Amino acid sequence: MNIPLSAPDIGEREMDYVRQVLQSKQLSMGPWLEQFEKQFAAYSGSRYAIAVNSGTSALHLCVRALEIGANDEVITTSFSFVASVNCFLYEGALPALVDIDPVTLNLDPQAVREFLRTKCRRSANGVLIDRETGRVVKALMPVHVFGLPCAMEELMEIAREYRLLVLEDACEAIGAEVEGRRAGTIGDAGVFAFYPNKQMTTGEGGMITTNDENIAELCRSMRNQGRDTDGAWLRHVRLGYNYRLSELHAALGVAQLERIETILASRAEIAREYAELLAGRKELQLPEDQPGMKRSWFVYVVRFLGDSPAALREHVRARLREKGIASQVYFTPIHHQPFFQQCFPETVPSLPYTDQAADQCLALPFHSRLSKSEIQTVCDAVTAALETMPRIAAPSEPVQDVAMRAMGT
Ligand SMILES: *Cc1c(COP(=O)(O)O)cnc(C)c1O
């Protein structure tokens, strides 16, 4: 048996549209790109949508368009995919990593406030400075982790109060909603990604959403070698990149977006089935709904509880592996990544809830075409593994105490 972690949902429509591109002979910068962007803007409810060749490229262009650069700092989470921080490093900016909410696993507004209140000061000319690094604190980047939107109302309020730009990493959250508003359309700019493990895919691809015409035009120009918007092909007015999305990719995007509601609905249904089959195990914490939030199911991540969750997780992973069932540790926090530690050997951020989540989380196989019997097989294997764990440690210590200890209080 072989149950992969994820799989793209590709059907006849995708084949048909890609074939049409191949027959059209226009393989880049054509009508499919335009249609994909138009459709995406309408779907997300943002004025502009700019397609690029990856989520990482989309993040990078937003960082440039928002003029986040050397000497700047952006408040964000370590509990994310590495691109969420790399996009700042490209431009010489640094992340100011603050802790997550232990329930939602998203950037904690309280922790953001705490950082701003205790670690920052206003300079004489009103610029917000990180006292420790001397850098300008310019922006806030919420990441809607695992498709669950961040507490955007509180974060936007903080951003207004401190005059911070807001860049939303919505790469895992297409279709997610906060109080009826689409994740990725609330801040100054938002970013989506279409790698094959995402809810919808273009093979490789990404999208920028914004209501700001200036940001939109800058991103359009920079993705296409810094060409002016008047379209003169060999006139380059700013530093640009080749972050274009080909017509083949855009056609895939159009097909996927036309079916997105169905895809998201089947993912939600699969999550529901997992929840039903895994309910009631004291060693497991399952993903929970949050009031006012509509999650877009990106991955199905369970959390192992008890004294040594990482050991229990390894035990379960090994049993799953023996049965040909894939699983993945999602996420290894960015500040634990070798590259980050190499870059900042002195920096050891105190992020107790992030570290805790790092030990607890495991993603199970999850995609829109996972069959009922495959879900059953995965859950049986998880359950059997839990029952064969030598000395299963029961949850003994409230999360709060772990955090307090790690903070040395
Ligand atoms: C997928 C993802 C990205 C970008 O991914 P690409 O592979 O560059 O498309 C960025 N941030 C997060 C949180 C992601 O999950």
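Residues numbered from 1 in each chain as written. Predicted model: local features only at pLDDT ≥ 70, side-chain atom pairs only at ≥ 80, totals over all residues. Heavy atoms only, no water.

### Some details on the domain arrangement of the protein chain
Thought 1: Split into domains, the protein chain comes out as domain 1 (12–260) and domain 2 (261–406).
Thought 2: Here the C-alpha centre of domain 2 lies 26 Å away from the C-alpha centre of domain 1.
Thought 3: On the domain 2 side, the residues contacting the 43 residues of domain 1 number 35 residues.
Thought 4: Taking both partners together, domain 1 and domain 2 bury about 3300 Å²; carbon and sulfur atoms supply 64% of that area.
Thought 5: Applying the counting criterion to the domain 1 and domain 2 interface returns one salt bridge.
Thought 6: Across the salt bridge formed by R182 and E261, the nearest N and O atoms sit 4.0 Å from each other.
Thought 7: Summed over the shared surface of domain 1 and domain 2, the result is 18 residue pairs in polar contact (both at pLDDT 80 or more).
Thought 8: Among the secondary structure elements, those contributing two or more residues to the side of domain 1 that touches domain 2 are α4 (83–89), β3 (94–98) and β8 (177–178).
Thought 9: Considered class by class, the residues forming the side of domain 1 that touches domain 2 number 25 nonpolar, eleven polar and seven charged. (Domains from an automatic or database assignment. Contact = heavy atoms within 4.5 Å. Buried area = accessible area lost by both parts, 1.4 Å probe. Salt bridge = Lys/Arg side-chain N within 4 Å of Asp/Glu carboxyl O. Polar contact = N/O pair within 3.5 Å; in protein donor to acceptor, adjacent residues only side chain to side chain. Helix = DSSP H or I, 4+ residues; strand = E, 2+ residues; numbered from the N terminus. Nonpolar A, V, L, I, M, F, W, Y, C, P; charged D, E, K, R; others polar.)

### A few points about the site of the ligand
Thought 1: Neighbouring residues of the ligand: 14 residues in total, closest G55, T56, D169, E172 and K198.
Thought 2: At a separation of 2.8 Å, a nitrogen atom of the ligand approaches a polar side-chain atom of D169.
Thought 3: Protein chains shield 92% of the accessible area of the ligand, which is 380 Å² for the free molecule.
Thought 4: A class-by-class count of the residues in the shell around the ligand yields five nonpolar, six polar and three charged. (Near = heavy atom within 4 Å. Areas by Shrake-Rupley, 256 points an atom, 1.4 Å probe, with all protein chains shown as cover.)

### Quick notes on helix α6 (residues 152–162)
Thought 1: Considered for burial, the residues of α6 that qualify are M152, L155, M156, I158, A159 and Y162. Each buried residue of α6 sits inside an arc of 160 degrees when the element is viewed along its axis, so together they form one side. Projecting away from the buried face of α6 at angles above 90 degrees are the exposed residues E153 and R160.
Thought 2: Elements in contact with the buried residues of α6: α5 (109–119), β4 (120–122), β5 (128–130), β6 (136–141), β7 (165–169) and β8.
Thought 3: After α6 finishes, the residue R163 shows a positive phi value of roughly 55 degrees. (Buried < 20%, exposed > 50% of the residue type's maximum accessible area, 1.4 Å probe, protein only. Arc of directions from axis to C-beta.)

### Brief notes about the sheet that holds β8
Hydrogen bonding along the main chain pairs the strands of a sheet, whether they run parallel or antiparallel.
Thought 1: If you walk across this open sheet you meet the three strands as β9-β8-β13, and the pairing is antiparallel. Unpaired on one side and paired on the other, β9 (181–182) and β13 (293–294) mark the two borders of the sheet.
Thought 2: Taken together, the two bridges between β8 and β13 define a ladder with antiparallel strand orientation. Residue E177 lies in a different strand from β13, and its bridge partner there is K294. (Pairing = 2+ DSSP bridges.)

### A look at unusual backbone geometry
Thought 1: Following Y330, the chain continues to F331 via a peptide bond in cis, the omega torsion being -15 degrees.
Thought 2: Structurally, F331 is set in the loop between α10 (309–322) and α11 (338–343).
Thought 3: Despite not being glycine, M29 shows a phi value in the positive range, around 50 degrees.
Thought 4: Owing to a relative accessible area of 28%, M29 belongs among the partly exposed residues under this scheme.
Thought 5: In this model, E67 sits at a positive phi of 55 degrees, which is unusual for a non-glycine residue.
Thought 6: Along the chain, the position of E67 falls in the loop between α3 (55–65) and β2 (72–77).

### Focus: the packing of helix α1 (residues 12–24) against helix α8 (residues 247–258)
Working note: a packed helix pair is described by the angle between its axes plus the distance between those axes.
Thought 1: Orientation of α1 relative to α8, taken along the N-to-C sense of each, is 150 degrees, at an axis distance of 8 Å. Judged by the angle between their axes, α1 and α8 are roughly antiparallel. In this structure, α1 meets α8 at a crossing whose hand is right-handed. Across the interface between the two elements, R13, E14, Y17, V18, V21 and L22 from α1 touch E247, L248, A251, L252, V254, A255, Q256 and E258 from α8.
Thought 2: Of the residues contributing to the contact of α1 with α8, the split by class is nine nonpolar, one polar and four charged. (Axes fitted to C-alpha atoms, helices over the stretch in contact; angles between N-to-C directions. Parallel < 35°, antiparallel > 145°, perpendicular 65-115°, else oblique. Left-handed = near helix turned anticlockwise from the far one by under 90°.)

### Structural notes on empty space enclosed by the protein
Thought 1: Applying the stated criterion to the full structure yields four cavities of 30 Å³ or more.
Thought 2: Considering only enclosed or pocket space, the largest cavity measures out at about 180 Å³ in volume.
Thought 3: The wall of the largest cavity is formed by 15 residues, among which V103, L105, P287, E288 and R295 lie closest to the centre.
Thought 4: Partitioning the lining of the largest cavity into residue classes produces nine nonpolar, three polar and three charged.
Thought 5: Each of two domains, domain 1 (12–260) and domain 2 (261–406), supplies a minimum of three residues to the lining of the largest cavity. (1 Å grid on protein atoms, 1.4 Å probe; cavity = no way out; pocket = protein on both sides within 12 Å on 5 of 7 lines; lining within 4 Å. Points joined across faces, edges and corners; volume = space filled by probe spheres on them.)

### A short note on the pairing of strand β10 (residues 189–193)
Remark: a regular strand shows side chains that alternate across the two faces of the sheet.
Thought 1: The element β10 is extensively covered by neighbouring structure, given that five of its five residues are classed as buried.
Thought 2: Residue alternation in β10 divides its side chains into two sets, A189, V191 and A193 and G190 and F192, and both sets are buried.
Thought 3: In terms of strand pairing, β10 meets strand β11 (residues 206–210) through four bridges, oriented antiparallel. Looking at β11, one finds that F192 is bridged to M207.

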